[in-house]
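Geometric and topological summary
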Amino acid sequence: MRLLRRIRFAVMSDEVLELARRQVLEGGVGLSENQVLDVLSLPPERIPDALLLAHEVRMRWCGPDVEVEGIVSLKTGGCPEDCHFCSQSGRFDTPVRATRLDIPSLVEAARQTAATGATEFCIVAAVRGPDVRLMEQVREAVQAVHEAVEINVACSLGILTRDQAQELRDLGVHRYNHNLETARSHFPSIVTTHTWEERWETLQLVREMGMEVCCGGIIGMGETAAQRAEFAAQLAALDPDEVPMNFLDPRPGTPLAELETTDSSDALLSIAAFRLALPRTVLRFAGGRELTLGDLGTRQGLLGGINAVIVGNYLTTLGRDPEDDLDLLAELRMPVKELSKTL
């Protein structure tokens with residue numbers, strides 16, 4: 001009986017991967033929600049096959065270049081929202097305290113980011129949405145970076161009004177990040193102070209204003225495999241230019257502090273599944289990969305569909321040394337994308 005079951009699973013796995021090969025690799029059409037769930041249900045021994053196929057898809061539809069990005073927090077902590085994963089929420093008793101970065105320090109961070117070969121520098125603020133004071137700071141920051149450094153400037157400032165989105169566009173902001181974080185059905189378990197729909201509306205505004213859309217989320221916040229597949233399908237419907245893939249790094253004091261980190265095999269299978277759902281999208285390694293995947297997993301992810309990385313530290317957690325990532329990219333013969341290719 002066990003032998004028959006193994007044979008049945010082997011045949012089903014072959015069918016799942018063969019369908020994905022025809023539909024995604026050869027046809028360029030991303031997997032549907034149910035098809036993504038089939039990939040997420042593959043047995044552990046087929047993960048290398050899924051990663052190899054995802055890498056082939058990435059190479060065919062995105063090419064070999066890897067986009068490097070640095071991020072810096074203009075305003076850290078004191079956020080009024082209750083995102084259960086976030087140590088910057090003022091509603092939770094976490095070690096993070098509210099601070100603001102001065103403009104010269106931000107410009108220096110942009111210079112250091114550009115020195116790594118990065119094409120993107122993202123200015124982030126822990127807010128529901130920007131107020132007048134923050135917009136003034138962002139205006140000064142974007143102009144200062146543009147004057148000092150040859151790099152694309154992105155922003156992540158929460159929920160926008162139409163006027164704010166238009167101003168960011170007029171400032172020359174290249175890309176706007178606003179993560180949906182998780183599947184629509186799981187979102188109310190993660191955030192209660194605003195809705196998934198409000199985030200979606202901001203993303204539509206960003207696209208309407210002509211900025212590139214950056215939208216991803218966090219794997220491992222208690223969602224089911226079906227909800228993970230739902231999330232991949234919702235991102236595909238949004239069709240963002242970039243999807244940051246974060247893995248939960250449980251932060252002390254937050255409601256998700258006691259969750260276990262995602263198993264590395266599940267994380268790698270998620271990377272492959274998201275690439276097969278989003279064949280032409282920039283799929284970026286973001287927060288939590290060091291804890292969830294380590295050095296070996298980072299290598300496997302880059303050979304399994306990832307084609308962009310955030311280098312250096314994140315907003316409240318430490319990342320890998322940028323030189324380690326750049327050395328790994330060189331070893332894998334993955335060229336860092338030049339600025340001229342993104343303008």
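Just above, that's the structure.
Report follows, based on the coordinates. Every chain's residues receive numbers from 1 upward, in the order its sequence appears when written. At least 70 in pLDDT is required for a residue's local features to be given in this predicted model, at least 80 for side-chain atom pairs to be given and counted, and no such filter applies to totals for whole chains, interfaces and linings, which use all residues. Calculation of side-chain values draws on the structure's entire complement of heavy atoms; hydrogens and water are dropped beforehand.

Section: the overall build of the protein chain
- Secondary structure counts use DSSP, requiring at least four H or I residues in a row for a helix and at least two E residues in a row for a strand, with both numbered from the N terminus. Regarding its fold elements, the protein chain presents 12 helices and 10 strands.
- Over its C-alpha atoms the protein chain spans a radius of gyration of 20 Å, differing by no more than 12% from the 20 Å that the globule rule assigns to 343 residues.
- Oriented by its inertia axes, the alpha-carbon framework of the protein chain measures out at about 65 × 40 × 35 Å.
- Each residue is placed in one exposure class: buried if its accessible area under a 1.4 Å probe, protein chains only, is under 20% of its type's maximum, exposed if it is over 50%, and partly exposed if it falls in between. Across the 343 residues in the protein chain, those meeting the buried criterion constitute 56%.
- Whether two residues touch is decided by their heavy atoms; if any such pair falls within 4.5 Å, the residues are in contact. Residue pairs in contact within the protein chain that sit at least 24 positions apart in sequence constitute 77% of those at least 6 positions apart. In this description the radius of gyration comes from C-alpha coordinates, and the expected globular size is given by 2.2 Å times residues to the power 0.38.

Brief notes about the packing of helix α8 (residues 225-238) against helix α9 (residues 264-277)
- Orientation of α8 relative to α9, taken along the N-to-C sense of each, is 30°, at an axis distance of 10 Å. Regarding the angle of α8 to α9, the classification is roughly parallel. In this structure, α8 crosses over α9, and the sense of that crossing is right-handed. Side by side, α8 and α9 meet where R228, F231, A232, L235 and A236 of the first sit next to D266, S270, F274 and A277 of the second. The axes are straight lines fitted to the C-alpha atoms, using for helices just the contacting stretch, and the angles between their N-to-C directions are given from 0 to 180°. Working rule for angles: under 35 degrees goes down as roughly parallel, over 145 as roughly antiparallel, 65 to 115 as roughly perpendicular, anything else as oblique. Crossing chirality is assigned from the near helix's rotation relative to the far helix, an anticlockwise turn below a right angle marking it left-handed and a clockwise turn marking it right-handed.

Concerning helix α3 (residues 47-61)
- One fewer than the residue count of a helix, multiplied by 1.5 Å, yields its expected span. Relative to the 21 Å expected for 15 residues at 1.5 Å per residue, α3 spans 21 Å between its end C-alpha atoms, a close match to the ideal helical length.
- The set of residues buried in α3 consists of I47, A50, L51, L53, A54, H55, V57 and R58.

Describing the pattern of salt bridges
- The working definition used for a salt bridge is a side-chain nitrogen of Lys or Arg within 4 Å of a carboxyl oxygen of Asp or Glu. Across all of its chains, the model carries 24 salt bridges by this definition.
- Of the charged contacts, one joins E69 and R284 as a salt bridge, the two residues approaching to 3.1 Å between their closest N and O atoms. Of this pair, E69 sits in strand β1 (residues 67-76) while R284 sits in strand β9 (residues 282-285), and the two are 215 residues apart along the sequence. With respect to class, E69 is no different from R284; both count as buried.

Considering the side chain of S270
- Tracing the chain through its elements places S270 in helix α9.
- Overall, S270 belongs to the buried group, its relative accessible area being 0%.
- Apart from residues no more than four positions distant in its own chain, S270 is found in contact with L40, I219, R228 and M245.

A few points about the packing of aromatic side chains
- To pair, rings of Phe, Tyr and Trp, with the six-membered ring standing in for Trp, must have centres within 6.5 Å; the planes then decide the type, stacked if under 30 degrees apart, edge-to-face if over 60, and tilted in the middle. The final tally for this structure, using the stated rule, is 2 aromatic pairs.
- Between W196 and W200, the aromatic rings sit 5.3 Å apart at their centres with planes inclined by 20°, giving stacked as the arrangement. Placement of the pair is W196 and W200 together in helix α7 (residues 196-208), with a separation of 4 residues, close to one helical turn.
- Overall, W196 belongs to the buried group, its relative accessible area being 6%.
- Ring plane angle 65° and centroid distance 6.1 Å describe the contact between F231 and F274, whose orientation is recorded as edge-to-face. Note that F231 is positioned in helix α8 and F274 in helix α9, a separation of 43 residues in sequence. Like F231, the residue F274 is buried in the burial classification.

A short note on the pairing of strand β3 (residues 120-125)
- In terms of burial, β3 is largely enclosed, as 6 of its 6 residues are buried.
- Of the two faces of β3, the one holding E120, C122 and V124 and the one holding F121, I123 and A125 are both buried throughout.
- A strand pair is defined by DSSP finding two or more bridges across the two strands. As paired elements, β1 and β3 share 6 bridges and run parallel to each other. Residue pairing for β3: S73 is matched across the bridge by V124.
- Across 5 bridges, the pairing between β3 and strand β4 (residues 152-156) is parallel. Looking at β4, one finds that C122 is bridged to A154.

Side note on the packing of α7 against α8
- It is the contact of α7 with α8, at a shortest axis distance of 12 Å, that shows an interaxial angle of 30°. Judged by the inter-axis angle, α7 sits roughly parallel to α8. In this structure, the crossing between α7 and α8 has a hand that is right-handed. Contacts between α7 and α8 pair W196, W200, L203, Q204 and R207 from the former with Q234, A237 and L238 from the latter.
- Looking at the contact of α7 with α8, its residues break down into 5 nonpolar, 2 polar and 1 charged. Each residue is assigned to one of three groups, with Ala, Val, Leu, Ile, Met, Phe, Trp, Tyr, Cys and Pro labelled nonpolar, Asp, Glu, Lys and Arg labelled charged, and all others, Gly among them, labelled polar.

Digging into unusual backbone geometry
- Of note in this structure, D239 is not a glycine but carries a positive phi near 55°.
- The backbone of R333 sits at a positive phi, close to 60°, despite the residue not being glycine.
- Within the fold, R333 resides in the segment after α12 (322-331).
- On the basis of relative accessibility, which here comes to 76%, the residue R333 falls in the exposed class.

Here we look at the nonpolar core
- In this structure, F121, I123, V145, C155, L168, F274 and L302 are the most contacted members of the largest nonpolar core, which totals 98 residues.
- Take this core: its biggest share by element is 9 residues, from α9.
- Beyond its immediate sequence surroundings of up to four residues, I123 is in contact with V72, L74, L106, A141, V142, V153, A154, C155, S156 and L157.
- Counting 6 residues, the second-largest nonpolar core is a separate cluster that includes C122, V124, A286 and I310. The set of buried Ala, Val, Leu, Ile, Met, Phe, Trp, Tyr and Cys residues whose side-chain atoms join them within 4.5 Å is what this entry labels a nonpolar core.

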